[in-house]
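Coordinate inspection notes
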Amino acid sequence: MRRLSLLLTLLFLAAADLYARPSALFYLTNSPDATRSFLAHVNQIDVVVPTWYAVDSDGLVTGAPDPLVMGAAQREHVPVMPILGLNGKKAFHDLAASTAAQDRMNDALLREAKTNGYSGFQFDFENLFWTDRDGLSALVERSADALHKAGFKLTIATVPNAPGYPSSGGFAKWIYTDWRGAYDLAELAKSVDLICLMTYDQHTRWTTPGPVAGWQWTVDNLDYALKYVPKEKLSLGIPLYGYHWYTEAPITDKATGVERPNPVAASISAPDALQLAETYKGKVEWDGEDRDSYFYFYRDQMREWVYFTDLRTFRERYKLAEDRGVEGFCSWVLGSEDPQIWTMLPERK
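Since we're looking at a predicted model, the values are computed, not measured.

Thresholds applied
Per-chain numbering applies: the sequence of each chain, read as written, is numbered from 1 onward. Owing to the predicted nature of the model, reporting of local features is limited to residues with pLDDT of at least 70; listing and counting of side-chain atom pairs is limited to 80 or more, with chain, interface and lining totals taken over all residues. Calculation of side-chain values draws on the structure's entire complement of heavy atoms; hydrogens and water are dropped beforehand. Only when DSSP finds a minimum of two bridges between them are two strands counted as paired. Only DSSP runs of H or I covering at least 4 residues are called helices, and only runs of E covering at least 2 are called strands; the numbering of each starts at the N terminus. Note on geometry: axes are lines fitted to C-alpha atoms, helical ones only across the stretch in contact, with angles between N-to-C directions running from 0 to 180 degrees. By convention, a stacked pair of Phe, Tyr or Trp rings (six-membered ring in the case of Trp) has centres within 6.5 Å and planes under 30 degrees apart, an edge-to-face pair has planes over 60 apart, and any other such pair is tilted. For every residue, the accessible area (1.4 Å probe, protein chains only) is compared with the maximum for its type, and the residue is labelled buried under 20%, exposed over 50%, or partly exposed between those bounds. Put simply, angles under 35 degrees are roughly parallel, angles over 145 are roughly antiparallel, angles from 65 to 115 are roughly perpendicular, and the rest are oblique. Handedness of a helix crossing follows the sense of rotation of the near helix relative to the far helix, less than a right angle counterclockwise being left-handed and clockwise being right-handed. Should any heavy atoms of two residues lie within 4.5 Å, those residues are considered in contact. We call Asp, Glu, Lys and Arg charged. Ala, Val, Leu, Ile, Met, Phe, Trp, Tyr, Cys and Pro are nonpolar, and the rest, Gly among them, are polar. Here, the term nonpolar core denotes a set of buried Ala, Val, Leu, Ile, Met, Phe, Trp, Tyr and Cys residues that are joined through side-chain atoms within 4.5 Å. What makes a salt bridge here is a side-chain nitrogen of Lys or Arg within 4 Å of a carboxyl oxygen of Asp or Glu, nothing more.

As a further point, take the sheet that holds strand 5 (residues 83-87). Adjacent strands of a sheet form backbone hydrogen bonds with each other and so pair up, either parallel or antiparallel. Within the open sheet, the 10 strands sit side by side as 2-1-17-9-8-7-6-5-3-4. Their pairing is mixed. In this open sheet, the two strands that pair with only one neighbour each are strand 2 (47-50) and strand 4 (61-63). Across the sheet, the mean angle from the axis of one strand to that of its neighbour is 25°, orientation sign disregarded.

See below:
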């Protein structure tokens, strides 16, 4: 009896641990670095979301799987859920206005899912008019219905949009009208199986230097999303990359000869960031308020800034996903990560 009781206890604890562990969803591009990372760590990835497909305003779906990735995923039983991407206001507006185009899109998604053994698709529609909010919700509902009837999943990546309206200032208005305002989280959550909250790109080439995903900004956006999305349908975005801000030569207008400033912010992988710090003797520091790592250095008498995700930065956000009890985390993008993150991620059970 004691042995049976002990066995049941161990099984319960194992099941509880599996249930509590955040699901690990990783994005994968066609870059060799991304593929190598996936192949090396396939046993620590719960879902892989490759950027293989795109759709245009007429509902034409283009793309194809990577045989090497598919082979490894099938051998290791990792669900493959490709992205269907569209970036652009007019193209999406036209697609959302045409049910015929949406039906063409959905037919193609079903064909590809059945042919290749996908678990479903993830929509990644960005750079949308905020006025297309209802159109996006209706399109997602229509596609979810088609995929669900055939036994496939539909998920969606959304730009974080707390507090749900624009604040003062020109940038705040622009980022809402052109990026954040189109996502009605409550309505989308009714249709999809999972919302991947893209809590990254807080600071980019459009902004001054700063964290890719500052702590309070991340917490605020996660807690805002949890007001509308059940936690079992929400995945927290954790960036794996960083940004490098520096100054290029001024841009000259060929017609007028007028020069204008040319500050640059380029994405950078964690290994490349650490190599840059070593090369120019930049001291990696920890920002206790934003809970992320950064450094600066001088080159050609000018200061350059780098904010990036190292193991400590990643761990803080992983713990946040655990603490809030959400479904898991979604990380962009394989191949750019600090290799040390794999030392803390468990293998699939």
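With that settled, the discussion passes to the packing of aromatic side chains. The geometry of an aromatic ring pair is captured by the separation of the ring centres together with the interplanar angle, meaning the angle of the planes. Within this structure, the stated rule accounts for 28 aromatic pairs. Look at Phe 26 and Trp 342: their rings are 5.1 Å apart centre to centre, the planes differ by 35°, and that puts the pair in the tilted class. With Phe 26 in strand 1 (residues 23-28) and Trp 342 in the segment after strand 17 (328-332), this residue pair connects regions lying 316 residues apart in the sequence. For the pair Tyr 27 and Trp 332, a centre-to-centre distance of 5.6 Å together with 50° between the ring planes defines the contact as tilted. Of the two residues, Tyr 27 is situated in strand 1 and Trp 332 in strand 17; the sequence distance between them amounts to 305 residues. Overall, Trp 332 belongs to the partly exposed group, its relative accessible area being 27%.

The next point concerns the packing of helix 9 (residues 215-226) against helix 11 (residues 311-324). Running from N to C, helix 9 and helix 11 point in directions that differ by 25°, and their axes come no closer than 12 Å. Classified by the angle their axes make, helix 9 and helix 11 are roughly parallel. In this structure, helix 9 meets helix 11 at a crossing whose hand is right-handed. Along the contact surface, helix 9 presents Trp 215, Thr 218, Val 219, Leu 222, Asp 223 and Leu 226, while helix 11 presents Glu 316, Arg 317, Leu 320 and Arg 324. Of the residues in the contact of helix 9 with helix 11, the class split is 5 nonpolar, 1 polar and 4 charged.

Okay, the environment of Ala 270 next. You can see Ala 270 is positioned in helix 10 (residues 270-279). Given a relative accessible area of 0%, Ala 270 falls into the buried group. Between the C-alpha atoms of Ala 270 and Gly 242, which are 28 residues apart in sequence, the distance is 6.7 Å. For Ala 270, the contacting residues outside a window of four places in its chain are Leu 240, Phe 308, Thr 309, Ser 336, Glu 337 and Asp 338.

A few words on the nonpolar core. Generally speaking, soluble globular proteins have nonpolar side chains that are buried together. If you look at the biggest cluster of nonpolar residues, it comprises 93 residues, and the most contacted ones within it are Phe 26, Tyr 27, Phe 38, Leu 84, Phe 123 and Phe 125. Among the elements that make up this core, the one with the highest residue count is helix 5 (residues 99-116) (6 residues). Not counting residues within four places of it along the chain, the set of residues in contact with Phe 38 comprises Leu 28, Ile 45, Val 48, Val 69, Ala 72, Ala 73 and Leu 334. With 9 residues, the next largest nonpolar core counts Ala 273, Leu 276, Phe 295 and Phe 297 among its residues.

With that settled, consider the pattern of salt bridges. As a working rule, side chains carrying opposite charge can pair if their charged atoms are close by. As enumerated under the stated definition, the model contains 12 salt bridges in all. A salt bridge links Lys 90 to Asp 94; the nearest nitrogen and oxygen atoms lie 2.7 Å apart. One end of the pair is Lys 90 and the other is Asp 94, both in helix 4 (residues 89-97) and 4 residues apart, which spans about a single turn. The class for Lys 90 is exposed, based on a relative accessible area of 59%. The residue Arg 142 makes a salt bridge to Asp 103 at a minimum N-O spacing of 3.0 Å. You can see Arg 142 sitting in helix 6 (residues 133-149) and its partner Asp 103 sitting in helix 5, a full 39 residues away along the chain. Taking the relative accessible area as the measure of exposure, Asp 103 reaches 31% and is therefore partly exposed.

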